[in-house]
Amino acid sequence: MTTTFTVTDMTCAHCEKTIRGALADALPGADVKVDLSTHTVAVGGDASLAETAMRDAGYSPQRAK
């Protein structure tokens, strides 16, 4: 199952790299799609772990509706 998050404080390529790294550590092998222009991150796997990983990395993800 894929969950999409809006991460409005993801504003640059460095932010994207940080989020990708945090998700890779928390959910190895998970399918991750980041769209910097729309501030969205789609993650396959455990949504709670993904959300926690992004928060621990300093971001404020919100599950998209």
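All values derive from a computational prediction rather than experimental measurement.

A. Here's a closer look at helix α1 (residues 13-26). Compared with an ideal rise of 1.5 Å per residue, which puts 14 residues at 20 Å, α1 spans 20 Å between its outermost C-alpha atoms and is within 8% of the ideal. Listed as buried for α1 are Cys15, Glu16, Ile19, Ala22 and Leu23. Viewed end-on, α1 has its buried residues packed into an arc of 130°, placing them on one side of the element. Exposed side chains of α1 directed beyond 90 degrees from the buried face belong to Ala13, His14, Lys17 and Asp25.

B. Up close: the pairing of strand β2 (residues 32-35). Every second residue of β2 is oriented toward a common face, the buried set being Val32 and Val34 and the non-buried set Lys33 and Asp35. Between β2 and the antiparallel strand that follows it, strand β3 (residues 40-44), lie four residues; His39 among them carries a positive phi value of about 60°.

C. The sheet that holds β2, seen in detail. Reading across the sheet, the four strands line up as β2-β3-β1-β4 and stay open at both edges, with antiparallel pairing between neighbours. Every interior strand has two partners, whereas the edge strands, β2 and β4 (62-63), have only one. As paired strands, β2 and β3 are joined by four bridges and run antiparallel to one another. Among the inter-strand pairings, Lys33 is bridged to a residue of β3, identified as Ala42. With respect to the sheet, α1 is in contact with β2 and β3, its orientation differing from that of β2 by roughly 165°. Across the face of the sheet, helix α2 (residues 47-56) comes into contact with β1 (2-6), β3 and β4 while running at roughly 30° to β1.

D. Looking closely at α2. Restricting attention to buried positions, one finds in α2 the residues Ala47, Ala50, Glu51, Ala53 and Met54. One face of α2 carries all of its buried residues, which in axial projection span an arc of 160°. Near the N-terminus of α2, the side chain that reaches the backbone nitrogen of Ser48, with its oxygen 2.9 Å away, is that of Asp46. Positive phi appears at Gly58, one or two residues downstream of α2, with a value of about 100°.

Calculation rules
Residues numbered from 1 in each chain as written. Predicted model: local features only at pLDDT ≥ 70, side-chain atom pairs only at ≥ 80, totals over all residues. Heavy atoms only, no water. Helix = DSSP H or I, 4+ residues; strand = E, 2+ residues; numbered from the N terminus. Expected span 1.5 Å × (residues − 1). Buried < 20%, exposed > 50% of the residue type's maximum accessible area, 1.4 Å probe, protein only. Arc of directions from axis to C-beta. Pairing = 2+ DSSP bridges. Contact = heavy atoms within 4.5 Å. Axes fitted to C-alpha atoms, helices over the stretch in contact; angles between N-to-C directions. Polar contact = N/O pair within 3.5 Å; in protein donor to acceptor, adjacent residues only side chain to side chain.

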